[in-house]
Amino acid sequence: MRELTMNTLFAQAAIVLSSSAVSISALDYPVGITNCGVQSWINSPPQRAVTMNQGTTEIMLALDLADRMVGTAYLDDYIWSELADDYNKVPVLSDSYPDIDT
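Here the structure is a predicted model, which is why all the values come from computation and not from measurement. (Residues numbered from 1 in each chain as written. Predicted model: local features only at pLDDT ≥ 70, side-chain atom pairs only at ≥ 80, totals over all residues. Heavy atoms only, no water.)

Considering the overall build of the chain
- Across its full length, the chain carries three helices and six strands.
- Along the chain, from the amino end to the carboxyl end, the secondary structure elements read β-α-β-β-β-α-β-α-β.
- When each of the 102 residues of the chain is scored for burial, the buried share is 31%.
- Pairs at least 24 apart in sequence give 35% of the contacts found in the chain among residues at least 6 apart.
- As displayed, the chain offers around 6,700 Å² of accessible surface, 52% of which is attributable to carbon and sulfur atoms. (Helix = DSSP H or I, 4+ residues; strand = E, 2+ residues; numbered from the N terminus. Buried < 20%, exposed > 50% of the residue type's maximum accessible area, 1.4 Å probe, protein only. Contact = heavy atoms within 4.5 Å. Areas by Shrake-Rupley, 256 points an atom, 1.4 Å probe, with all protein chains shown as cover.)

A closer look at the nonpolar core
- One finds Ala 49, Met 60, Leu 61, Leu 63, Leu 65, Ala 66, Met 69, Ile 79, Leu 83, Tyr 87 and Val 90 forming the largest nonpolar core, which totals 11 residues.
- Once residues lying within four places of it in the same chain are set aside, the contact partners of Met 69 are Ala 49, Thr 51, Thr 57, Met 60, Leu 61 and Val 90. (Core = buried A, V, L, I, M, F, W, Y, C linked by side-chain atoms within 4.5 Å.)

Some thoughts on a nonpolar patch on the surface
- A cluster of nonpolar side chains, contributed by Val 50, Met 52, Val 70, Leu 93 and Tyr 97, occupies part of the molecular surface with about 430 Å² of accessible area.
- Along the chain, Val 70 turns up in strand β5 (residues 69–73). (Patch = residues over 30% accessible without salt bridge, like charges linked within 9 Å, V, L, I, M, F, W, Y side chains within 5 Å. Salt bridge = Lys/Arg side-chain N within 4 Å of Asp/Glu carboxyl O.)

A closer look at the sheet that holds strand β6 (residues 92–94)
- A sheet is described by the order of its strands in space; here three strands give the open sequence β4-β5-β6, paired in parallel fashion. With one partner strand each, in any of the chains shown, β4 (49–51) and β6 form the two edges of the open sheet. Averaged over all neighbouring strand pairs, the angle between strand axes comes to 30 degrees, with direction disregarded.
- Bridge count between β4 and β5: three bridges; the pairing is parallel. (Pairing = 2+ DSSP bridges. Axes fitted to C-alpha atoms, helices over the stretch in contact; angles between N-to-C directions.)

Focus on unusual backbone geometry
- You will see that Asp 64, though not glycine, has its phi angle at about 65 degrees, which is positive.
- Looking at where Asp 64 falls in the secondary structure, it is placed in the loop between α2 (54–62) and β5.
- We note that Tyr 74 has phi near 55 degrees; this positive angle belongs to a residue other than glycine.
- Along the chain, the position of Tyr 74 falls in the loop between β5 and α3 (84–87).

Next comes the structure, spelled out in structure tokens:
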């Protein structure tokens, strides 16, 4: 089992952004993540996901998970050009930050 801090996870995502040869499939599961002192274990890669902001969207795309994204919402900037083709395959559920009425 491997445990990651959020900083480590974001660092790995940055590496993925700079190298298309690395993907989430290279991770050994389960993966532990510690954030703000709370430890969580992820037993397998996500099967379906909706992202609610640009940072999360770009991380999912960088980890080569576009095919598992069933929706996204609220981009506050242009999507990275390296991720644009995959982003265009993901349904945009809301152009603004989702709320209870969205």
